[in-house]
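Residues per chain, in single letters:
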Amino acid sequence: MRRSFDGLCGLIRSELRADPLSGSLFVFCNRRRTMVKLLYFEGDGLAIWMKRLERGRFILPQRAALDRRIDRRQPMLLLEGVTPKKVSKRYVYQI
């Protein structure tokens, strides 16, 4: 968790084979799951957001272990400490 902008961008390019400037949100977590870093491109530069827990651990979504991808709702749930059993839409839009 010592890496900053350049180190995290290098990890994204080499390990994930992705472009850090693509607009995607990249989430990094340490082994003990007590710290998380989020890296994203805001249009004019990169931004890092970091959170360290004093007690407890972050619980990663089940899907993240399989293909290293999570949907757009899951980073907020991760940071808030919510572990939903089933996440579904409240409303179904019909045309």
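The structure reproduced in this document is the subject of the present report. (Residues numbered from 1 in each chain as written. Predicted model: local features only at pLDDT ≥ 70, side-chain atom pairs only at ≥ 80, totals over all residues. Heavy atoms only, no water.)

## Observations regarding the overall build of the protein
Here's step 1: Helix and strand counts for the protein stand at 3 helices and 3 strands.
Here's step 2: Walking the protein from its N terminus toward its C terminus, one meets helices and strands in the order α-β-β-β-α-α.
Here's step 3: Taken across its 95 residues, the protein has 22% of its residues classed as buried.
Here's step 4: Counting contacts in the protein only where the partners sit at least 6 residues apart, residues at least 24 apart contribute 34% of the total.
Here's step 5: Counting only carbon and sulfur atoms, one obtains 48% of the accessible surface of the protein, whose full area is about 8200 Å². (Helix = DSSP H or I, 4+ residues; strand = E, 2+ residues; numbered from the N terminus. Buried < 20%, exposed > 50% of the residue type's maximum accessible area, 1.4 Å probe, protein only. Contact = heavy atoms within 4.5 Å. Areas by Shrake-Rupley, 256 points an atom, 1.4 Å probe, with all protein chains shown as cover.)

## Quick look at the pattern of salt bridges
Here's step 1: Inspection of the entire model under this criterion finds 1 salt bridge.
Here's step 2: A salt bridge links Glu 54 to Arg 52; the shortest N-O distance between them is 3.1 Å.
Here's step 3: Relative accessible area serves as the criterion here: at 64%, Glu 54 is assigned to the exposed category.
Here's step 4: Judged by its relative accessible area of 55%, Arg 52 is exposed. (Salt bridge = Lys/Arg side-chain N within 4 Å of Asp/Glu carboxyl O.)

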